[in-house]
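Given next are the chains, with one letter for each unit.
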Amino acid sequence: EVPTVSLKFCLDAWSATHAIDGIRWPHLNNEVASASEENRFVNFPRYLMVQLQRYELGPDWVPRKLEVNIDMTEEIDLNNLKSLGPQDGEDVIVDADDSENNNSPTT
């Protein structure tokens, strides 16, 4: 029997905090360190298009399709995915491209 997973479960997995290892930080003289990341919405679109990708990378880095059904609901509540901006203890890292653009004079 093919297992069934709820759309909420998929959204929770997408928005969960996860670690990123081996990042080279230009603002720290290219020091290699780790960070954490989570996906959130700054604002909500009028229409939300979702593409479900039922693939994962295996231990040999070969993509394989997950045999699973997705339970889709008529309505979803995304309020728990609303970004609250930088939180206490978080450091916002500006992209190198953004910092270069922000320091240049405007014409």
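This report concerns the structure included in the present document.

What counts, and where the lines are drawn
Residues numbered from 1 in each chain as written. Predicted model: local features only at pLDDT ≥ 70, side-chain atom pairs only at ≥ 80, totals over all residues. Heavy atoms only, no water. Helix = DSSP H or I, 4+ residues; strand = E, 2+ residues; numbered from the N terminus. Buried < 20%, exposed > 50% of the residue type's maximum accessible area, 1.4 Å probe, protein only. Contact = heavy atoms within 4.5 Å. Areas by Shrake-Rupley, 256 points an atom, 1.4 Å probe, with all protein chains shown as cover. Arc of directions from axis to C-beta. Salt bridge = Lys/Arg side-chain N within 4 Å of Asp/Glu carboxyl O. Core = buried A, V, L, I, M, F, W, Y, C linked by side-chain atoms within 4.5 Å.

### Some details on the overall build of the protein
Moving on, step 1. If you tally the helices and strands in the protein, you get 2 helices and 6 strands.
Moving on, step 2. Per-residue burial over the protein gives 9% buried out of 107 residues.
Moving on, step 3. In the protein, the proportion of contacts linking residues at least 24 apart, taken out of those at least 6 apart, comes to 50%.
Moving on, step 4. Just so you have it, the protein exposes about 9600 Å², and 49% of that area is on carbon and sulfur atoms.

### Some remarks on helix α1 (residues 7–15)
Moving on, step 1. Listed in full, the buried residues belonging to α1 are Leu-7, Leu-11 and Ser-15. Seen from one end, α1 has its buried residues packed into an arc of 65 degrees, which puts them on one side. Pointing more than 90 degrees away from the buried face of α1 are the exposed residues Phe-9 and Ala-13.
Moving on, step 2. The elements touched by buried residues of α1 are β1 (4–6) and β6 (69–71).

### Thoughts on the pattern of salt bridges
Moving on, step 1. The tally for this structure, following the rule as stated, stands at 3 salt bridges.
Moving on, step 2. Across the pair Lys-8 and Asp-12 runs a salt bridge whose closest N-O atoms are separated by 2.9 Å. With Lys-8 and Asp-12 both in helix α1 and 4 residues apart, the pair spans about one turn of that helix.
Moving on, step 3. For Asp-12, a relative accessible area of 30% gives the class partly exposed.
Moving on, step 4. The partner of Arg-64 in a salt bridge is Glu-56, with the nearest N and O atoms 2.8 Å apart.
Moving on, step 5. With relative accessibility at 32%, the residue Glu-56 sits in the partly exposed group.

### Quick notes on the nonpolar core
Moving on, step 1. Core analysis: the biggest nonpolar cluster contains 5 residues, these being Leu-7, Leu-11, Phe-41, Leu-78 and Leu-81.
Moving on, step 2. Those residues in contact with Leu-7, other than ones at most four positions away along the chain, are Leu-52, Ile-70, Asp-71, Met-72 and Ile-76.

### Some thoughts on unusual backbone geometry
Moving on, step 1. Even without glycine at this site, Asn-30 takes up a positive phi of about 60 degrees.
Moving on, step 2. Counting through the fold element by element, Asn-30 comes out in the loop between β2 (18–25) and β3 (31–37).
Moving on, step 3. Exposure remark for Asn-30: the relative accessible area of 41% places this residue in the partly exposed category.
Moving on, step 4. Positive phi values are uncommon outside glycine, yet Trp-61 reaches one of about 65 degrees.
Moving on, step 5. The residue Trp-61 is located in the loop between β4 (55–57) and β5 (63–65) in this model.

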